[in-house]
Amino acid sequence: NAGVTQTPKFRVLKTGQSMTLLCAQDMNHEYMYWYRQDPGMGLRLIHYSVGEGTTAKGEVPDGYNVSRLKKQNFLLGLESAAPSQTSVYFCASRTTGVNQPQHFGDGTRLSIL
Amino acid sequence: QQPVQSPQAVILREGEDAVINCSSSKALYSVHWYRQKHGEAPIFLMILLKGGEQKGHDKISASFNEKKQQSSLYLTASQLSYSGTYFCGTEDTGNQFYFGTGTSLTVIP
């Protein structure tokens, strides 16, 4: 099993450009998450989804949009990239049920110039 | 609502023990622990669901004091492979998940 796959692994953007990060999981998980990780800040939740067609805002949602059209995919969009969005982005998924462990992808390193 | 961890960083020699603490200003319904090696994804270690619960995984164990809104991770007889950043985390009643501030652990020979 591939688990959680993130695409792309690295990307450099210019300020104002847009892009979409793709997260795909093959574990039939209902819950999916997008985090950003910055030095000294740990992992902070951007958006999450508790099932196909649903999304919700996390702790730091501004400047990002998400979609969960298919159960296995969770897309994170940056409409107009800003240097403050330079970060490492992690996607995670978990099965239904209280307090289940999250399974993470390998991350996407995004730099915005 | 981000849990606070202490210490921020610790350096150990192989075989030494360490304790990492996680505390929250809000009620903790459960505590998750993850380890992340440099440049890699976080890996799940364990979940504690009940106050007073203790769990162990190899020589890594944890406790959860629900009343004090705290959890501690114990690393016994540390090995080089234990190096990494440890995160606690908790989920609120609205399915939002909050990771702690992280503790960098370095084990040296």
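See the structure above.
Reading the values: rules and limits
Residues numbered from 1 in each chain as written. Chains lettered and ligands numbered in written order. Predicted model: local features only at pLDDT ≥ 70, side-chain atom pairs only at ≥ 80, totals over all residues. Heavy atoms only, no water. Helix = DSSP H or I, 4+ residues; strand = E, 2+ residues; numbered from the N terminus. Buried < 20%, exposed > 50% of the residue type's maximum accessible area, 1.4 Å probe, protein only. Contact = heavy atoms within 4.5 Å. Buried area = accessible area lost by both parts, 1.4 Å probe. Salt bridge = Lys/Arg side-chain N within 4 Å of Asp/Glu carboxyl O. Polar contact = N/O pair within 3.5 Å; in protein donor to acceptor, adjacent residues only side chain to side chain. 1 Å grid on protein atoms, 1.4 Å probe; cavity = no way out; pocket = protein on both sides within 12 Å on 5 of 7 lines; lining within 4 Å. Points joined across faces, edges and corners; volume = space filled by probe spheres on them. Nonpolar A, V, L, I, M, F, W, Y, C, P; charged D, E, K, R; others polar. Disulfide = S-S within 2.5 Å.

S.K.: I tried to follow the side chain of Q36(B) on my own but got confused; where do I start?
M.R.: Within the element layout of this structure, Q36(B) appears in strand 4 (residues 31-36). Here Q36(B) falls in the buried class, since its relative accessible area comes to 8%. Sequence-distant contacts of Q36(B), that is, excluding residues within four places in its chain, are made with Q37(A), F90(A), A41(B), P42(B), G84(B), T85(B) and F87(B).

S.K.: When you look at the interface of chain B and chain A in this model, what are you seeing that I'm missing?
M.R.: Interface extent is often summarised as the accessible area lost during association of the parts. Contacts between the two partners involve 21 residues from chain B, matched on the other side by 22 residues from chain A. Of the roughly 1,700 Å² buried where chain B meets chain A, counting both sides, 53% is carbon and sulfur surface. Notably, a salt bridge pairs E91(B) with R94(A), separated by 2.9 Å at the nearest N-O pair. Inspection of the chain B/chain A interface yields four residue pairs in polar contact (both at pLDDT 80 or more). Among the elements of the structure, strand 4, strand 5 (43-48), strand 9 (84-91) and strand 10 (97-99) of chain B are those that each provide at least two residues to the side of chain B that touches chain A.

S.K.: How do you make sense of empty space enclosed by the protein when you look at a structure like this?
M.R.: To find the voids left in a structure, one rolls a probe of water-molecule size over its atoms. Residues and elements named next belong to chain B. Using the criterion set out here, one finds one cavity of 30 Å³ or more in the structure. Its boundaries defined by the atoms lining it, the largest cavity holds a volume of some 40 Å³. Contributing to the lining of the largest cavity are Q1, S24, K26, A27, L28, Y29, T90, E91 and D92. By residue class, the composition of the lining of the largest cavity is three nonpolar, three polar and three charged.

S.K.: Which parts of the structure should I look at to understand the side chain of D38(A)?
M.R.: Residues and elements named next belong to chain A. Relative to the elements of secondary structure, D38 occurs in strand 4 (residues 31-38). Within polar-contact distance, the side chain of D38 engages the side chain of R36 at 2.9 Å. A polar contact of 2.8 Å, which involves the side chain of D38, links it to the side chain of R44. If we ignore the near neighbours within four places in the chain, the residues touching D38 are R44, T86 and S87.

S.K.: What exactly am I supposed to notice about the environment of L75(A) here?
M.R.: Residues and elements named next belong to chain A. Secondary-structure assignment places L75 in strand 8 (residues 73-78). Distance in space between the C-alpha atoms of L75 and G16 is 19 Å, their sequence separation being 59 residues. Excluding residues within four positions of it along the chain, L75 makes contact with T20, L21, L22, W34, N65, V66 and S67.

S.K.: Would you explain the state of the cysteines in this entry?
M.R.: Where two cysteines share a covalent bond between their sulfur atoms, that bond is called a disulfide. Taken as a whole, this structure holds two disulfides over all chains when the rule is applied. Each disulfide pairs two cysteine sulfurs, and for C23(A) the partner residue is C91(A), the sulfurs being separated by 1.8 Å. With the S-S bond torsion at -75°, the cross-link from C23(A) to C91(A) turns out left-handed. Here the residue C23(A) occupies a position in strand 3 (residues 19-25), and C91(A) occupies one in strand 9 (residues 87-94), the gap between them amounting to 68 residues. Owing to a relative accessible area of 0%, C23(A) belongs among the buried residues under this scheme. Given a relative accessible area of 0%, C91(A) falls into the buried group. Disulfide pairing places C22(B) opposite C88(B) at an S-S distance of 2.1 Å. On the sign convention where negative means left-handed, the S-S torsion of about 75° between C22(B) and C88(B) marks this disulfide as right-handed. Of the two residues, C22(B) sits in strand 3 (residues 18-23) while C88(B) sits in strand 9, which places them 66 residues apart along the sequence. Accessibility classification places C22(B) together with C88(B) in one group, the buried group.

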